[in-house]
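# Results of the structural survey
Each chain, letter by letter, is given below.
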Amino acid sequence: MERSPSAPPGGSRSAAVPLSSVEPAASGRISTGIGELDRVLGGGIVPGSLILVGGDPGIGKSTLILQAAASLAGGETTDDPRPVLYVTGEESPQQIALRASRLGVSPSRLLLLAETNLAEILRTAESCGPQAMVIDSIQTVFLDEISSAPGSISQVREAAGRILMFAKPRHLPVFLIGHVTKDGSIAGPRVLEHIVDTVLYFEGDRGQAFRIVRAVKNRFGSTNEIGVFEMKGTGLSPVANPSALFLSERPEGSSGSVVVASMEGNRPILVELQALVTPTPYGTPRRSSIGVDPGRVSLLLAVLEKRAGLPLIGQDVFVNVVGGIQLDEPAADLAVVAAVASSMRERAVDPRTVVFGEVGLAGEVRAVAQVEARLAEAAKLGFTRCVVPRGNREKIAEVGGVEIVGVSDVREAVDAVLG
Ligand code: TYD
Ligand code: MG
């Protein structure tokens, strides 16, 4: 909620006001000109919001935010004549200019400021009155009156607090870029999560071309949304059809691979889940999983063992979700079950089959939400068979050209998937 302008945060007058007398914040969102970024923001930038953009070094934070800043400053989506202020504490203006030329942008209203002293930054912002501001990165900014080094917890937290107090009454949206560091030598973006309105994190492997931007907190939208981008020679380019991208290198006809129809926010995404089951050479079996919670995988392996009679004792099990995506919804359970059974039995899943469903401890396959969207995505990408919970099967209409098979427990599911 925005505060009413008559009671600015930090101002001396702060009287209690009846809720009914407060004008709800104008919903006028500003488009960044990048559809996938607008989507994770909940439909564009909310004026006065503080947006934290976190991720590993080199993943593409500066690139994405420079693209958005350039689009705002170039008047592509707004007719706001005010400049956009890009504060760079890490790179020189020349480096930013080099990146901008790579991206093919040079809007005259994009102002670069190489400064790390927060008082100076805010003074400049006050005098140039920008429509939006970028701080790249929050870990380089410092306050004179705090003795600890830039990047320390107290500096980062206090700087963000000051920026918040500056931005809110002016309705100025601010992007704060923050690095995630593994060794903890500088304060990570996590210390800021409660201060800001929106937290976006980059996911994905630097070794791969695609990047996923996920909202993990959003006071102005859903936190399930993801934006999918591909890093190209000319910056981050939105991926219109993520399912096709995630399935592009799928080894058809090999065992242990299955496609799951997963929901990311309101959007269905098809991803490949792989399992490899091999005899344990010695000692305790190894179980490792990437992209699915390891605890969930252990539970599903126990269910498979006990309810479907799969002899997994003495087997190492590796599970991997292709494309660096994280599947954290229960509907992915059936895919883990299917992939493990497929690898164990060395029988490939039909490449035109999609699965989804939650698995319970009794081995039952439970209904999940948003079935129509999942099926429609599968049909769109040319899948011809879907193995779904029986509870869902009974309620859904036919989807053109797709055979829908309802299963009620893991044993039935394994039979339906492996044929
Ligand atoms: P960058 O935005 O600098 O990352 P961060 O700010 O998160 O540290 O992106 C760095 C990587 O992106 C770098 O390795 C180069 C690559 N890149 C491209 O592949 N294409 C481009 O157009 C740009 C600008 C960067
Ligand atoms: Mg950067």
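Preceding this section is the structure that the text describes.
Anyway, here's the lowdown on the structure attached to this text.

On to the site of ligand 1. Around ligand 1, the structure places 15 residues, and the nearest of them are Gly58, Ser62, Thr63, Lys232 and Gly235. Here Ser62 contributes a side-chain N or O atom positioned 2.7 Å from an oxygen atom of ligand 1. Backbone polar atom of Lys232 to a nitrogen atom of ligand 1: 2.7 Å apart, as the coordinates give it. Notes on ligand 1: free accessible area 560 Å², of which the protein chains cover 75%. The biggest single contributor to the shell around ligand 1 is helix α2 (residues 61-73), with three residues.

Turning to the packing of aromatic side chains, a few remarks are in order. Per the counting criterion, the structure on display carries zero aromatic pairs. Over the aromatic face of Phe166 sits the side chain of Arg170, whose NZ or CZ is 3.9 Å from the ring centroid. The residue whose ring lies beneath Arg352 is Phe383, and the NZ or CZ to ring-centre distance is 5.8 Å.

Here the focus is the pattern of salt bridges. Summed over the entire model, instances satisfying the criterion amount to 18 salt bridges. Of the charged contacts, one joins Arg162 and Glu158 as a salt bridge, the two residues approaching to 3.2 Å between their closest N and O atoms. Residue Arg162 and its partner Glu158 are both found in helix α5 (residues 153-170); the two are separated by four residues, about one turn of the helix. Among the ionic contacts, a cluster of salt bridges with common partners joins Glu36, Arg39 and Arg267.

Interaxial distance between helix α8 (residues 333-345) and helix α11 (residues 410-418) falls to 10 Å at its minimum, and their mutual angle equals 65°. Once α8 is placed against α11, the crossing between them reads as right-handed. Listed contacts from α11 to Leu334, Val337, Ala338, Ala341, Ser342 and Arg345 of α8 are Val410, Ala413, Val414, Val417 and Leu418. A class-by-class count of the residues in the contact of α8 with α11 yields nine nonpolar, one polar and one charged.

Reading guide: rules and limits
All residue numbers refer to positions counted from 1 along the written sequence of the respective chain. Both sets of labels track the order of writing: A upward for chains, 1 upward for ligands. For this predicted model, a pLDDT threshold of at least 70 governs which residues receive local features, and a threshold of 80 or more governs which side-chain atom pairs are given and counted, while totals over whole chains, interfaces and linings are taken from all residues. Think of the side-chain values as coming from all heavy atoms in the structure, minus any hydrogens and water. Whether a residue is near a molecule or strand depends on its heavy atoms: it is near if one of them lies within 4 Å of it. Any N or O atom pair separated by 3.5 Å or less is treated as a polar contact, with the protein-specific requirement of one donor-capable and one acceptor-capable atom, and with residues adjacent in sequence counted only for side-chain atom pairs. Only the protein chains shown count as cover for residues, with accessible areas throughout obtained via the Shrake-Rupley method and a probe of 1.4 Å. Put simply, DSSP marks the helices as runs of H or I at least four residues long and the strands as runs of E at least two long, and each gets a number from the N terminus on. Each Phe, Tyr or Trp ring (for Trp, its six-membered ring) is paired with any other whose centre lies within 6.5 Å, and the angle between the two planes then decides the class: stacked below 30 degrees, edge-to-face above 60, tilted in between. Either the NZ atom of lysine or the CZ atom of arginine qualifies as a charge over a ring when it sits within 6 Å of the ring centre and within 35 degrees of the ring normal. Any Lys or Arg side-chain nitrogen found within 4 Å of a carboxyl oxygen on Asp or Glu counts as a salt bridge. With axes taken as lines fitted to C-alpha atoms, and helix axes fitted only over the stretch in contact, angles between N-to-C directions fall between 0 and 180 degrees. Two helices crossing with the near one rotated counterclockwise from the far one by less than a right angle form a left-handed crossing, whereas a clockwise rotation gives a right-handed crossing. Working rule for contacts: check all heavy atoms of both residues, and any pair within 4.5 Å makes them a contact. Here the term charged refers only to Asp, Glu, Lys and Arg, the term nonpolar to Ala, Val, Leu, Ile, Met, Phe, Trp, Tyr, Cys and Pro, and the term polar to all other amino acids, Gly among them.

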